[in-house]
Amino acid sequence: MALSRLSSASGSNLLKPLTSALSLRRSISSAAADDNTTITIETSIPFTSHVCDVPSRTVETSPKELMKFFRDMALMRRMEIAADSLYKAKLIRGFCHLYDGQEAVAIGMEAAITKKDCIITAYRDHCTFLGRGGTLLQVFSELMGRQGGCSKGKGGSMHFYKKDAGFYGGHGIVGAQVPLGCGLAFGQKYSKDETVTFALYGDGAANQGQLFEALNISALWDLPAILVCENNHYGMGTAEWRAAKSPAYYKRGDYVPGLKVDGMDVFAVKQACKFAKEHALKNGPIILEMDTYRYHGHSMSDPGSTYRTRDEISGVRQERDPIERIRKLVFAHDIATEKELKDIEKEVRKEVDEAIAQAKESPMPEPSELFTNVYVKGYGVESFGPDRKEVRAVLP
Amino acid sequence: MGIRRRFGRLITNWVDRKPFSTSSAIVEQTGKPLNLYSAINQALHIALETDPRTYVFGEDVGFGGVFRCTTGLADRFGKKRVFNTPLCEQGILGFGIGLAAMGNRAVAEIQFADYIFPAFDQIVNEAAKFRYRSGNQFNCGGLTIRAPYGAVGHGGHYHSQSPEAFFCHVPGIKVVIPRSPRQAKGLLLSCIRDPNPVVFFEPKWLYRLSVEEVAEHDFMLPLSEAEVIREGNDITLVGWGAQLSIMEQACLEAEKDGISCELIDLRTLIPWDKDTVEASVRKTGRLLISHEAPVTGGFGAEISASIVESCFLKLEAPVSRVCGLDTPFPLVFEPFYMPTKNKILDAIKATVNY
């Protein structure tokens, strides 16, 4: 299995700093939060490439960045756990796909690019949205279908968007967002502003025909498109090897270069995304296969335990968890104490709870919103609620 | 499963035209109470058992499918006949057409009707026209496409749509939608054995909700034959699938006001049973059609136009359509969008009092 492959590599060498510019022991994490001192570390495992160079395993970071990664990922984790409970309490309706386990991909990618670069993804989009600068309040309001949501409560879990930060959403049909991403990249190539598009898809979507159409188009026209395969090893309930003749997704572009990345290591993701952006601007498309894992099932109606063992899940949690990796690095470099990290986790928990309470206050959208945004103007139809005496839509 | 009696009873109960109600169980033979997904499951068991050239495949089908319709099939018939496909709808259906063209019965599952659109080209351009354009040398008549359709109360944009009208515009395929477990079993077996490609939409709201006694043996229900499930004199209501139970509730309410409604389950949308609907409208003089899909360009429009053509002088009121709204299927606004009982009841009254 792909999962056991990495476990041997992960344990020991990540903890050992290659060089550390620090000799003095830091005492408090609050200082660490502003500490830009350079720390040099090595990514968990080497990158594997397909018809391109390999980026260096050595990456530079700082206590500040480490603490930020820890906090951001802890926040995402907590947010998804809270979404799970809200769904079970029926406050979130519709379909809901959680991202916990895959946080390093969203965080690492964001750390390597700017908000002028575009991201487009499928329906597992909560954390990508948060990474692009969305707020918890927008997340929970959207999840519960409230006015305060990032799509005015009209999209729900699968349809988060943030235009001002180049986040093109939030798409419901498997694989359909990838050709769209190529269109975005074409627009960027025209505007010559040195920006790129990251089009995310899963290992399940990797077998969709339109993905290959998108690859051909972007290679043919040298588009600055980065196709990011978030390989969490299961397309819904089907293990990758059952669905793909070649689960080496980074190689499947044939004439398009690819890179296989440990998607559980935020620094590997960051390094790869930086590399990919430079490559894409110079040479056109590239595939990044992020080897990652989702702890939850495919969606809320999938317990996630029928097609994989509990041991497998707990094994990944113990060996490869992206947050635990950062926690170990923080300790190894004496950046913060265990208690300080625990305090951060308490803080984010509180932040999430507050956002949920606030989101619950946000009103449901006006009934007339049912008719807006279908076309530029409303369609001019009147409608009624289940009881047409009580609820009537006022048209815009 | 009850497959012991499979031979010699392939075709039973072709005709049962008693005025049944959807809720009062239709029992011809003794059968066990089954819900809709179990009835589908039983039908698939029988299809695989009775014809060794039957194959069942689709996303997650080998594990029983997301709605459990294919539970136990892979264990019983082996992974060479019941198998998972990659997540690629266009590929699934293209593959199914090829398989069927070699004389097999290919039962392809699209996990949600909302996901059928990547395969639209294969259905419309390849499957539907294969026989015609090859001058009858080739066909993919063994192909049956199963897909759960319709609202579930909280499915949102991409797990609730009713795309039947798109396929009703395509000569060469049949479109069938059952309303209950017994209907699902009989119709699905007919679809699988029909020599034409069929799109079979299953009302996912009813998978667990709808329970009735279903005969265990192999039986088929006729395609292109509507069923009058409730007789009445004042107005004809036509629908299909899950919407019928909503319509029946409206009929019961209307009865309290002294309005006698005739309710027809169309069952096969193309080619549809005009005779039954026409005969009913000639009797009642009024017609109401209801479906979840948006009203504009929905299949209700076709029924309405046809009936106006053939029964113009018998009509005492304009044909009424109570359907989904012309918006994308909404998430939080689902109760507004849906053609609910009260909307139908209002339309019944308005039509009768026209």
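Everything quoted here is computed from the prediction, not taken from an experiment. (Residues numbered from 1 in each chain as written. Chains lettered and ligands numbered in written order. Predicted model: local features only at pLDDT ≥ 70, side-chain atom pairs only at ≥ 80, totals over all residues. Heavy atoms only, no water.)

### Details of the domain arrangement of chain B
Residues and elements named next belong to chain B. Domain annotation of chain B identifies domain 1 (2-214) and domain 2 (227-352). Averaged C-alpha coordinates put domain 1 and domain 2 at centres separated by 25 Å. With 36 residues of domain 1 in contact, the opposing surface of domain 2 contributes 27 residues. Note on domain 1 versus domain 2: buried area summed over both sides is about 2400 Å², and carbon and sulfur give 55% of it. For domain 1, the biggest contributors to the area lost against domain 2 are C168, I177 and R179; these three give 20% of the whole. (Domains from an automatic or database assignment. Contact = heavy atoms within 4.5 Å. Buried area = accessible area lost by both parts, 1.4 Å probe.)

### Digging into the UniProt feature "domain: Dehydrogenase E1 component" (unreviewed entry) in chain A
The sites that UniProt annotates as "domain: Dehydrogenase E1 component" (unreviewed entry) are residues 71-367 of chain A. Secondary structure content for residues 71-367 of chain A is 46% helix and 12% strand, and the end C-alpha separation is 38 Å. (UniProt positions renumbered as here; feature names shortened; annotations may be inferred. Helix = DSSP H or I, 4+ residues; strand = E, 2+ residues; numbered from the N terminus.)

### Regarding the sheet that holds strand β11 (residues 261-265) of chain B
Residue and element names in this part refer to chain B. Taken in spatial order, the five strands make up an open sheet running β9-β11-β10-β13-β14, and their pairing is mixed. Bordering the open sheet on either side are β9 (227-230) and β14 (320-324), each of which pairs with just one other strand. Along the sheet, successive strands turn relative to each other by an average axial angle of 25 degrees, direction set aside. Here five bridges tie strand β13 (residues 287-294) to β14, and the two strands are oriented parallel to one another. Counted as the bridge partner of L288 is S320 from β14. (Pairing = 2+ DSSP bridges. Axes fitted to C-alpha atoms, helices over the stretch in contact; angles between N-to-C directions.)

### Some points on the pattern of salt bridges
Once their charged atoms are close, side chains differing in charge can pair, the charge on each being opposite to the other. Under the defined criterion, the tally for this structure stands at 39 salt bridges over all chains. Here K88(A) makes a salt bridge to D84(A), at a shortest N to O gap of 2.8 Å. In this pair, K88(A) and D84(A) both sit in helix α3 (residues 63-88), four residues apart, roughly one turn of the helix. Across the pair R282(B) and E278(B) runs a salt bridge whose closest N-O atoms are separated by 3.5 Å. Taken as a pair, R282(B) and E278(B) lie in helix α10 (residues 274-284) at a separation of four residues, close to a single helical turn. What you see here is one network of salt bridges that share partners, running through D262(A), D291(A), R320(A) and R325(A). (Salt bridge = Lys/Arg side-chain N within 4 Å of Asp/Glu carboxyl O.)

### A closer look at the environment of P285(A)
Residues and elements named next belong to chain A. You can see P285 is positioned in the loop between α10 (266-283) and β12 (286-291). Sequence spacing of P285 and V105 is 180 residues, and the spatial spacing of their C-alpha atoms is 19 Å. Apart from residues no more than four positions distant in its own chain, P285 is found in contact with S218, A219, D222, L223, A225, V256, P257 and H279.

### As for the side chain of R327(A)
Residue and element names in this part refer to chain A. Position of R327 among the secondary structure elements: in helix α12 (residues 322-332). In this structure R327 comes out as buried when scored by relative accessible area, which is 10%. Ignoring any residue separated from it by four or fewer positions in sequence, one finds R327 in contact with F70, L341, K342 and E345. (Buried < 20%, exposed > 50% of the residue type's maximum accessible area, 1.4 Å probe, protein only.)

### Overview of the sheet that holds strand β4 (residues 105-109) of chain B
Residue and element names in this part refer to chain B. Pairing is mixed across the open sheet formed by seven strands, whose spatial order is β3-β2-β4-β5-β7-β6-β12. Whereas interior strands pair on both sides, the edge strands pair on one side only; in this sheet they are β3 (82-84) and β12 (268-270). Each adjacent strand pair in this sheet contributes to an overall mean axis angle of 20 degrees, direction not counted. Direction of pairing for strand β2 (residues 54-58) relative to β4: parallel, over a ladder of five bridges. Across the sheet, residue F57 finds its bridge partner in β4, namely A108.

### As for unusual backbone geometry
Only a minority of non-glycine residues have a phi that is not negative, and only a minority of peptide bonds are not trans. With an omega dihedral of -10 degrees, the bond running from I270(B) to P271(B) counts as a cis peptide bond. The residue K192(A) is not glycine, and still its phi comes out positive at about 50 degrees. Residue position: K192(A) is located in the loop between α7 (177-191) and β7 (197-202). A positive phi angle, close to 70 degrees, is found at N136(B), a residue other than glycine. Among the structural elements, N136(B) can be located in the loop between α5 (130-133) and β5 (143-149).

### Remarks on the interface of chain B and chain A
Contacts between the two partners involve 33 residues from chain B and, on the opposite side, 39 residues from chain A. Summing both sides of the interface, chain B and chain A together bury roughly 3200 Å²; the carbon and sulfur share of this comes to 69%. Area buried by chain B at its contact with chain A is led by L87(B), F333(B) and F336(B), which between them contribute 21% of it. At the junction of chain B with chain A, the criterion picks out zero salt bridges. Seen at the junction of chain B and chain A, the total is seven residue pairs in polar contact (both at pLDDT 80 or more). For the side of chain B that touches chain A, the secondary structure elements donating two or more residues are α12 (334-337) and α13 (341-352) of chain B. Of the residues assigned to the side of chain B that touches chain A, the class counts are 17 nonpolar, nine polar and seven charged. (Polar contact = N/O pair within 3.5 Å; in protein donor to acceptor, adjacent residues only side chain to side chain. Nonpolar A, V, L, I, M, F, W, Y, C, P; charged D, E, K, R; others polar.)

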